[in-house]
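Chain by chain, the residues:
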Amino acid sequence: MFVGFGTVVNICTIIGGAALGVLIGGRMSSRTRVLITEVLGLITILGAVSALAPMWSDRYINSLPKGWTLLAILASLLIGGLIGSALSLETRLDSLGEKLRIRFGAHEESSFIEGFVSASLLFAIGPLAILGSISDGMSTGTDQLLLKSSLDFFAAMAFSASLGWGVAASVIPVGIYQGAWTLVGLGLGNILEGYQIDAMTIVGGLMLICIGMRLLKIKDIAVGNLLPALFIAPVFVLALHTFI
């Protein structure tokens, strides 16, 4: 096996699951596809609950000054949101989705962009994407990414049955994101402490809740603008851990 093997497998499973979902989805009624989207919204929120679990872990709590466990996440989201808004990340992500929609020949009224944005965030957010990619880069194993690949296969199949080919297009940002973390593992080794990964996971869990709310048509939150918070969180908690 080679460095990046886990991400390559992950990309293939997403494309395969999305293709199968599109084939199945074409035979479903619109009412059934709406129901699937709503179920996915609920499952996404359920997945967010597990991602929020580190918020109450001893490792995370004991690494930060008293009273800062929640404030660290709040500050990371606010700072990340301000950066994302200034860079118009949500608009840029939608624009990329629109270009890919045209490239794939999807109809304008289709859910291509929603599938692309939702799947991109869902597949990139979480500890497996980060830890697995770093482990892959360090050549210490691809078990975590292989597990993630199996989960993503079924998620892609379910999402694309309702949201179409936009789910398959999510492999572009996912590949870039996981590829970057693989290079981090290759060049620098394991640079993140456990509590830093916890902070990223918690922020990611909140973003998953936003995705779930979007899929359930409760609230359309510009999750793309919050993406910098994933990178702000480990830096912010490191500063708290070191200086306060």
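So, here's what we can say about the structure. (Residues numbered from 1 in each chain as written. Predicted model: local features only at pLDDT ≥ 70, side-chain atom pairs only at ≥ 80, totals over all residues. Heavy atoms only, no water.)

Overview of the overall build of the protein chain
Cut-off, in case you're wondering: Counting from the N terminus, the helices are DSSP H or I runs at least four residues long and the strands are E runs at least two residues long. Just to be clear, the radius of gyration here is over C-alpha atoms, and the globule rule we use is 2.2 Å times residues to the power 0.38. Each residue's exposure class comes from its accessible area (1.4 Å probe, protein chains only) as a fraction of the maximum for that residue type: buried when under 20%, exposed when over 50%, partly exposed otherwise. Note on contacts: a residue pair is in contact if any heavy atoms of the two residues lie within 4.5 Å. For the accessible areas, the method is Shrake-Rupley and the probe is 1.4 Å, while residue cover comes only from the protein chains on display.
Per the secondary structure count, the protein chain includes 12 helices and 0 strands. Overall, the protein chain shows an N-to-C arrangement of helices and strands of α-α-α-α-α-α-α-α-α-α-α-α. Compactness check: the protein chain gives a C-alpha radius of gyration of 18 Å against a globular reference of 18 Å for 244 residues, within 12% of the reference. C-alpha extents for the protein chain along the principal axes are approximately 55 × 45 × 30 Å. Across the 244 residues that make up the protein chain, the buried fraction comes to 48%. Nonlocal contacts in the protein chain, meaning residues at least 24 apart in sequence, comprise 80% of its contacts between residues at least 6 apart. Put simply, the protein chain shows about 11,800 Å² of open surface, and 70% of that area lies on carbon and sulfur atoms.

Some thoughts on the pattern of salt bridges
Inclusion rule: What makes a salt bridge here is a side-chain nitrogen of Lys or Arg within 4 Å of a carboxyl oxygen of Asp or Glu, nothing more.
According to the stated counting rule, one finds 4 salt bridges in the structure shown. With a closest N to O distance of 2.7 Å, arginine 59 and aspartate 198 form a salt bridge. One end of the pair, arginine 59, is in helix H3 (residues 58–63); the other, aspartate 198, is in helix H11 (residues 194–215), and 139 residues separate them in sequence. Classification of aspartate 198 by relative accessible area gives buried; the value is 5%.

Quick word on unusual backbone geometry
Residue serine 88 is not a glycine yet carries a positive backbone phi of 55 degrees. Examined against the element boundaries, serine 88 turns out to sit in the loop between helix H4 (69–87) and helix H5 (89–104). Phi at lysine 217 is positive, roughly 60 degrees, even though this residue is not glycine. By the secondary structure assignment, lysine 217 is in the loop between H11 and helix H12 (229–243). Since its relative accessible area comes to 63%, lysine 217 is described here as exposed.

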